[in-house]
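Overview (structure and organization)
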Amino acid sequence: MFKLNLKIAWRNLWNHKGYTLINVLGLSIGMASCILIFIFIRYQLSFDEGFKNEDRIFRVVTNWKYEAFDDFSSGVPITFPAAARNEIAGFEKVGFIVKRGDVFHIRDDHGREKIKTQQAVYYADPDFFEIFEDIKWEYSKPRAALSEPNTVVLSKTNAIKFFGSVENAVGKTITMGTRVNLKVTGVIQDMPQNSSFPLGIIVSYETYYGRNNTNWDSVNSSSSSYVLLKKGITLADMQAPLARFNKKYYPVEKIAGNQNNQLQALRDIHFSEKYDNFADSTIGKSEIYGLAIIGLFLILTACINFINLSTAQSVNRSKEVGVRKVMGSKRKQLIVQFLTETFVVSFMALLIACVIAELAIPSMQNLFKGQVQFSLFAHPLIFIFMAILVVFVGFLAGFYPALVVSGFHPALAVKNKIALNGNGLGLRKILVVIQFSITVILIIGTLVITRQMAYVKQKSLGFNANAVAMVGMPGDSLSKTKLNTFKERALQIPGVELLSFCQTPPLSSDVNSTDFTYNGVKNKDFELRTVRADENYFKVFDLKLIAGKIFQKSDTANGCVVNETFLKKMSILKPEDAIGKVINASGNLVPITGVVKDYNDKSLRESISGLAIFPGKLNYWNVAIKMDSKQILSAMKQIEALWNSTFPDSIYDADFVDAGIKSYYESERITSILFKVFAGVIIFISFIGLFGLISFVATQRTKEVAIRRVLGASTLELVKMLNGSFLILVFIANIVAWPLAYLFVSKWLAGFAYRIDISVWPFAFAMAISMAITLVTVSIRSYRAASANTIDALKYE
């Protein structure tokens, strides 16, 4: 029976090639979009999965609660692990890992350097790997490999890259920086791409130069601790022991901000909006839910098309249904027959969708700049998803048309006198309203996101980053003695205008902040952001002084410059009143020499910090070089050559400041592109759906149109008659969509401290686009109906 139904289904689909093509095209595009969204969501949800004890593994994070704001860090004090091991009984193991960066030199058997590379280095204790016991070791074990100082473990890729094979790597020596020789004592398998721990070079914690720090209020986000709870212990059970621990080690009278440690579940790390991770890869669950909703919208839109087109076609098949019923077919058999056709169309669409998705995957990878590798069939779950997708689409799109068609009265069906009732037409109108509401929401979202991104690019940040390159400087003591020589030679290069040694550009997410005293009074309202830069920093970035003067040239801090926000937070009304007042911050007791006009020191999602700029030669790790924009290429080549000759043991690293600023809005850039693509897809699918419904209406009203023509109606009048109801539907869809779209864009824009105002224009433009699409689509089909031969429409069979 199934074989017969399949053969009949194929024959009917082949006989109506136009409708079949439209159905398959709409469904395949919708399915392809859903598959791509599923691949991306599956990849994001798979982060840090598969660890044996993942439900007992937690990261320790640090929180602060000041009077004016809350602060968060993924790091802990260096002293935390030792204290926690001794005092918190619920922890089975406490591991510690620190991320830094350094230059590594690999030499051959004759001592000649063959590889020089700059990479992240992780200082880890054996307990870290015993917590994550699923990390596979190619050679050795954690205790044996990482217990002694000056030992290093390599990933398999690095072992092969440095020494040709895992076997050759073991026992060899690599040099970190210029002096530290490390013996390779172990090799681990490469960490998967969906891991928050991209471990490549792991040095024993006993080698870490900062391991003896005893300051409990010194927290760096790159110093992380992970704990394994004892079996049977839950997160709730740990609240009381942690509270006692926090009270002991973070007394309010000694440590500012009510500092405390809390536990974060391993599987929550990748989705954290407050805390970063070693992979520099996070995504909010709200973004994942948003993509899932868009995928659902896409497939619903495609299914609405199928329903409209199938219903429009059903009238033409009324005779077939009548004959089948006269010959003894039951309604159940007819439903199965028509559902079989739907499943055939769905399966065909799925095959085409797989091809479309495979072709789109390279573009999807390019969207993420090659940092993520996607594969269509990398995980068995994709096959389950595809099967569910076919079943879901088959039933959702096919069940209602099957019920309608199988319910035709046989006598009326044979005489071709079928007229679908008003309820059916009403349902299809509701579906069109839903479809176009989705379209309008996406159009409005796309317009607002695009405008906000344009605003972000064009807004004045309060400093000039044009033609300024940030070049990394070595941090060893020998290199620091060469800084003045490098500066003198660099300024002689044609095209180089100014040069400033500093830590970061004016806008940077690399934030150093501290509590401070102002004129001898301890401040409790906010932390002061401290910026290290020399006296040329203000000229290089064109920062505007509004009071006082720049601090004097010095190797150590002899003064500082604060910004306007600092004055506002300190309730200082006149900039001149701050000049000469003394700030004590980060070990510097210096007077305020000047006040600089506010500039955006962080991305436009955040407000401007209260900050102070200090000099301090020993704390510079970058040099900002201002160039003539017409000579950038030649100047950069000469700067690189000069740098390599001055610091031969280090690796040159440079980036333009304006390029770095753009990177802060990478997730918004991706969101903008996705909205544009999916809005285009839904508009296209809606175009097909609208064509289906006007086809249905035109078929139903063929005789009415013919009679009106005989009575003198013009083609234009007939087109206007057929168009009117559809324009009303789209207008209603806009009214429904506007409040929903407003809620969406308001919430999205709330993530920016600096944002555009929501005006009426995106809403009006979305209505204009949807009305225009409707007018064009409906007019094409209604014109054909209005200009058809009246004799063919009125003749009696």
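Residues numbered from 1 in each chain as written. Predicted model: local features only at pLDDT ≥ 70, side-chain atom pairs only at ≥ 80, totals over all residues. Heavy atoms only, no water.

Re the nonpolar core
One finds Ile 35, Phe 463, Tyr 537, Phe 541, Leu 543 and Ile 613 to be the most contacted residues of the largest nonpolar core, which totals 93 residues. For this core, the element with the highest residue contribution is helix α2 (residues 17–45), accounting for 14 residues. Setting aside chain neighbours within four positions, we find Tyr 537 in contact with Ser 500, Cys 502, Thr 504, Pro 505, Pro 506, Val 531, Leu 543 and Ile 613. Grouped together as the second largest cluster of nonpolar side chains are 42 residues, Ala 84, Val 152, Phe 162 and Ile 174 included. (Core = buried A, V, L, I, M, F, W, Y, C linked by side-chain atoms within 4.5 Å. Buried < 20%, exposed > 50% of the residue type's maximum accessible area, 1.4 Å probe, protein only. Helix = DSSP H or I, 4+ residues; strand = E, 2+ residues; numbered from the N terminus. Contact = heavy atoms within 4.5 Å.)

Remarks on unusual backbone geometry
A negative phi holds for most residues other than glycine; trans holds for most peptide bonds. For Asn 519, which is not glycine, the phi torsion reads 55° and is therefore positive. If you trace the backbone, Asn 519 turns up in the loop between β15 (516–518) and β16 (521–522).

Side note on a nonpolar patch on the surface
Nonpolar side chains collect at one region of the surface, where Ile 728, Phe 731, Ile 732, Ile 735, Val 736, Leu 740, Tyr 742, Leu 743 and Ile 758 lie side by side and expose about 810 Å² of accessible area between them. In this structure, Tyr 742 sits in helix α23 (residues 715–749). (Patch = residues over 30% accessible without salt bridge, like charges linked within 9 Å, V, L, I, M, F, W, Y side chains within 5 Å. Areas by Shrake-Rupley, 256 points an atom, 1.4 Å probe, with all protein chains shown as cover. Salt bridge = Lys/Arg side-chain N within 4 Å of Asp/Glu carboxyl O.)

Considerations on the pairing of strand β17 (residues 528–532)
Remember that side chains alternate between the two faces of the sheet whenever the strand is regular. A large share of β17 lies buried, amounting to five of its five residues. The two faces of β17 match: Leu 528, Thr 530 and Arg 532 on one face and Arg 529 and Val 531 on the other face are all buried. Alignment of strand β14 (residues 513–514) against β17, held across two bridges, turns out to be antiparallel. Considered in β17, the bridge of Thr 514 is made with Leu 528. Sheet analysis places β17 next to strand β22 (residues 611–614), joined by four bridges and oriented parallel. Looking across to β22, one finds that Val 531 is bridged to Ile 613. (Pairing = 2+ DSSP bridges.)

Focus on helix α8 (residues 239–249)
For α8, the complete set of buried residues consists of Leu 242, Phe 245, Asn 246 and Tyr 249. One face of α8 carries all of its buried residues, which in axial projection span an arc of 100°. Projecting away from the buried face of α8 at angles above 90 degrees are the exposed residues Arg 244, Lys 247 and Lys 248. Tucked inside the fold, the buried residues of α8 contact α3 (80–87) and β11 (260–265). (Arc of directions from axis to C-beta.)

A look at the packing of α3 against α8
Two elements in contact, α3 and α8, have axes separated by 12 Å at closest approach and are oriented at 130°. It follows from the interaxial angle that α3 and α8 lie oblique. You can see that α3 and α8 cross each other, and the crossing is right-handed. Listed contacts from α8 to Phe 80, Ala 83, Ala 84 and Glu 87 of α3 are Phe 245, Lys 248 and Tyr 249. In terms of residue class, the contact of α3 with α8 is built from five nonpolar, no polar and two charged. (Axes fitted to C-alpha atoms, helices over the stretch in contact; angles between N-to-C directions. Parallel < 35°, antiparallel > 145°, perpendicular 65-115°, else oblique. Left-handed = near helix turned anticlockwise from the far one by under 90°. Nonpolar A, V, L, I, M, F, W, Y, C, P; charged D, E, K, R; others polar.)

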